[in-house]
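# Summary of structural features
Chain residues, written in single-letter form:
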Amino acid sequence: MITEDPKHQDIHEYLAEMEDIPGTRVFTAKRARQGYHLNQFAMSLMKDENRAKFKADERAYLDEWPLTEAQKLGVLARDYNKCLDLGGNVYFLSKLFSTDGIPFAEAVSTMTDMKFPEYREMMMRGGRSPEGVRSIKANEAAAAAKKEDR
Amino acid sequence: MARITAGVASSHVPLLGVASDFNKDRDDYFGPIFAGYDWTREWEKAEKPDVVILVYNDHASAFDMKIIPTFAIGCGERYKSADEGWGPRAVPDVEGHPDLAWHMAQSLILDEFDMTIINEMDVDHGLTVPLSMMFGKPDAWPCKVVPLAVNVVTYPPPSGNRCWALGEAVRKAVESFPEDLNVQIWGTGGMSHQLQGPRAGLINKEWDNRFLDGLVGDSDHLRRIPHIEYLRETGSEGIEMVMWLVMRGALGKNTRALHRHYHVPCSNTAIGHMVLRPDNGEGLDMTGSDVTAIAAE
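So, here's what we can say about the structure. (Residues numbered from 1 in each chain as written. Chains lettered and ligands numbered in written order. Predicted model: local features only at pLDDT ≥ 70, side-chain atom pairs only at ≥ 80, totals over all residues. Heavy atoms only, no water.)

Take the interface of chain A and chain B next. Opposite the 51 residues of chain A that make contact, chain B presents 54 residues. Note on chain A versus chain B: buried area summed over both sides is about 4,600 Å², and carbon and sulfur give 62% of it. On the surface where chain A and chain B come into contact, there are 2 salt bridges. Aspartate 20 of chain A serves as the salt-bridge partner of arginine 232 of chain B, at 3.2 Å between the closest nitrogen and oxygen. Listing elements by their share of the side of chain A that touches chain B, those giving two or more residues are helix 1 (11-18), helix 2 (29-34), helix 3 (36-44), helix 7 (80-85), helix 8 (90-100), helix 9 (104-109) and helix 10 (116-124) of chain A. A total of 5 residues in the side of chain A that touches chain B trace back to one element, the largest contributor, which is helix 8 of chain A. By residue class, the composition of the side of chain A that touches chain B is 28 nonpolar, 14 polar and 9 charged. (Contact = heavy atoms within 4.5 Å. Buried area = accessible area lost by both parts, 1.4 Å probe. Salt bridge = Lys/Arg side-chain N within 4 Å of Asp/Glu carboxyl O. Helix = DSSP H or I, 4+ residues; strand = E, 2+ residues; numbered from the N terminus. Nonpolar A, V, L, I, M, F, W, Y, C, P; charged D, E, K, R; others polar.)

Another point: the packing of aromatic side chains. A complete count under the given rule lists 15 aromatic pairs over all chains for this structure. Each ring, one from tyrosine 80 of chain A and one from phenylalanine 97 of chain A, has its centre 4.9 Å from the other, and the planes form 85°; the classification is edge-to-face. Placement of the pair is tyrosine 80 of chain A in helix 7 and phenylalanine 97 of chain A in helix 8, with a sequence separation of 17 residues. Ring centres 5.8 Å apart and planes at 20° place the aromatic pair tryptophan 39 of chain B and tryptophan 43 of chain B in the stacked group. Remark: tryptophan 43 of chain B and tryptophan 39 of chain B occur in helix 3 (residues 38-47); sequence separation between them is 4 residues, near one turn of the helix. The class of tryptophan 39 of chain B is buried, set by a relative accessible area of 13%. On the accessibility criterion, tryptophan 43 of chain B (4% relative accessible area) is buried. An aromatic cluster is defined as three or more aromatic residues linked by ring pairs; in this entry it consists of Phe41, Phe54, Tyr61 and Trp65 of chain A. One residue, arginine 120 of chain A, lies across the ring of phenylalanine 116 of chain A, its end atom 4.7 Å from the ring centre. (Phe/Tyr/Trp six-rings, centres within 6.5 Å; stacked < 30°, edge-to-face > 60°. Buried < 20%, exposed > 50% of the residue type's maximum accessible area, 1.4 Å probe, protein only. Lys NZ or Arg CZ within 6 Å of the ring centre and 35° of its normal.)

Moving on, we get to the nonpolar core. Counting 98 residues, the largest nonpolar core has Phe41 of chain A together with Val170, Ile185 and Phe211 of chain B as its most contacted members. By residue number, the principal contributor to this core is helix 6 (residues 160-175) of chain B, which donates 7 residues. Each residue touching valine 170 of chain B, except ones within four places of it in the same chain, is listed here: Ile4, Ile53, Met104, Leu108, Leu148 and Ile185 of chain B. Judged by nonpolar contacts, the second largest core, of 37 residues, contains Val91, Val123, Met133 and Trp186 of chain B. (Core = buried A, V, L, I, M, F, W, Y, C linked by side-chain atoms within 4.5 Å.)

In an α-helix there are 3.6 residues to a turn, and that puts residues three or four apart on one side. All names here are of chain A. Most of helix 8 is tucked away: 10 of the 11 residues are buried. Regarding helix 8, the residues found buried are Val90, Tyr91, Phe92, Leu93, Ser94, Lys95, Leu96, Phe97, Ser98 and Thr99. Elements in contact with the buried residues of helix 8: helix 3, helix 4 (48-56), helix 6 (69-76), helix 7 and helix 9. Sitting at the amino-terminal end of helix 8 is asparagine 89, which places a side-chain oxygen 2.8 Å from the backbone nitrogen of tyrosine 91. Trailing helix 8 by a residue or two, glycine 101 shows a phi angle of about 70°, which is positive. (Polar contact = N/O pair within 3.5 Å; in protein donor to acceptor, adjacent residues only side chain to side chain.)

The next subject is the pairing of strand 11 (residues 269-278) of chain B. All names here are of chain B. Extensive coverage of strand 11 is indicated by the burial of 10 of its 10 residues. As paired strands, strand 1 (residues 3-10) and strand 11 are joined by 4 bridges and run antiparallel to one another. Each bridged residue has a counterpart across the sheet, and for serine 10 the counterpart in strand 11 is histidine 273. Two successive antiparallel strands, strand 10 (residues 255-266) and strand 11, enclose a turn made up of 2 residues, where serine 267 displays a positive phi of approximately 55°. (Pairing = 2+ DSSP bridges.)

Below, the discussion takes up a negative patch on the surface. Taken together, the side chains of Asp50, Glu77, Asp99, Glu179 and Asp180 of chain B present a region of like negative charge at the surface. As for its placement among the helices and strands, aspartate 180 of chain B is situated in the loop between helix 6 and strand 9 (182-188). (Patch = residues over 30% accessible without salt bridge, like charges linked within 9 Å, V, L, I, M, F, W, Y side chains within 5 Å. Areas by Shrake-Rupley, 256 points an atom, 1.4 Å probe, with all protein chains shown as cover. Lys, Arg positive; Asp, Glu negative; His and termini not counted. Charge placed at Lys NZ, Arg CZ, Asp CG, Glu CD.)

This paragraph deals with the side chain of histidine 273 of chain B. Within the fold, histidine 273 of chain B resides in strand 11. Once you skip the residues sitting within four places of it in the chain, histidine 273 of chain B turns out to touch Val8, Ala9, Ser10, Gly36, Tyr37, Thr40, Met134, Trp244, His259, Arg260 and His261 of chain B.

Another point: helix 11 (residues 136-149) of chain A. The first and last C-alpha atoms of helix 11 of chain A sit 20 Å apart over 14 residues, in line with the 20 Å expected at 1.5 Å per residue. Two or three places before lysine 137 of chain A, at the start of helix 11 of chain A, stands the capping residue serine 135 of chain A, its side-chain oxygen 3.3 Å from that residue's backbone nitrogen. (Expected span 1.5 Å × (residues − 1).)

All names here are of chain A. Evaluation of the coordinates by the stated rule reveals 26 salt bridges over all chains. With its nearest N and O atoms 3.2 Å apart, the salt bridge here joins arginine 59 to aspartate 63. Separated by 4 residues within a single helix, arginine 59 and aspartate 63 lie in helix 5 (residues 58-63), roughly one turn from each other. Assessed through its relative accessible area of 29%, arginine 59 is described here as partly exposed.

Further remarks concern a nonpolar patch on the surface. Side chains of Leu15, Val18 and Phe22 of chain B sit close together on the surface and give an oily, nonpolar patch of about 270 Å² of accessible area. For valine 18 of chain B, the position within the fold is in helix 1 (residues 14-21).

So, on to the packing of helix 6 of chain B against helix 9 (residues 242-249) of chain B. All names here are of chain B. Two elements in contact, helix 6 and helix 9, have axes separated by 6 Å at closest approach and are oriented at 35°. Crossing of helix 6 against helix 9: the hand is right-handed. Note on element contacts: helix 9 touches helix 6 through Val242, Leu245, Val246, Arg248 and Gly249, opposite Gly160, Cys163, Trp164, Leu166, Gly167 and Glu168. Residues belonging to the contact of helix 6 with helix 9 are distributed by class as follows: 6 nonpolar, 3 polar and 2 charged. (Axes fitted to C-alpha atoms, helices over the stretch in contact; angles between N-to-C directions. Left-handed = near helix turned anticlockwise from the far one by under 90°.)

In structure tokens:
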């Protein structure tokens, strides 16, 4: 395990590292700011009356919130990767999973390149290995080195 | 004097609450998960803690994005189970210990931790699932609870080092409370899991087990793990393990492991659970039972 002194952390280096993980959107301040209304909309689905209202007319309900058109379309399509890109956070978006009545794991699987049964099978076998998905930069460097070898 | 007599670490996966509430806890899927808590349930019956300081994170239930406290302490009399979108869990209300909690808040603030004080809130699965795992399904929880909420959702969360130091300050706060109380501290959440994006489903057994190893004994190297290592190695939600460091920091220099359990998978996550005794030559075993014998069973 790495043993760095956290007192000497540079904020810009810290934030750059957050963007260097393959297939991962870390909920940084930038995303938190961008997704504020999207997440607060999702939060409103904690109430039964709001869930009913949303289900009755999703578009009309979304139009009551100061969301961007892209955010609204992301929600309507249940395109969770798009929602994450636009500042959504999975704990907030999970209110949408429960409104749809689908299990958390199934909703999570839609963000991967697998169908739910395949994803579930991967979890039963011990989950996704961190091998090869730790760093975008490290992967690029390894690919470049491999190319040079040829 | 109040004393911290044990530390408990546990995942708090919401699905475990569902399994417990709908009596699925001994089926093929959940059986191996719940079996790892059997030892602890028996042990808790003997330990009879008066108060549990329960370090957990809220999952967009009590706190939305309007207010994001880094460290918050529940000083209320009573907390209800939150409605997380399926209606509230049918579990007993959680009884607080306002006298101890307010005392802790004062002591922690004087120790330069800027605590947010909460007098009213609902508590979600982050807090109620560990209670179910450790105590089963009683009509009332057998102890009082001081909720200690840590932000691990919006970045940056507090550093591991800061969490450990908060634990040290919690211990000092508890030990300066005049009432004779048997206090446990629980660190919840984790272990490796990623709930979002194309990399979802990440599990790192080797790393998780090294982390469990690191909680035992007199090393404090875990406090130096940077956020990026949790993210790369244990998934975007593995960062919850910094909450275990509040627990570990509160146990003092040295610990002994009484019980350890690890299982994959539970839904999208790895389950980790550990029971620790502070072992600082203070004779903190309040049960009088032979712990080595229990652990060997």
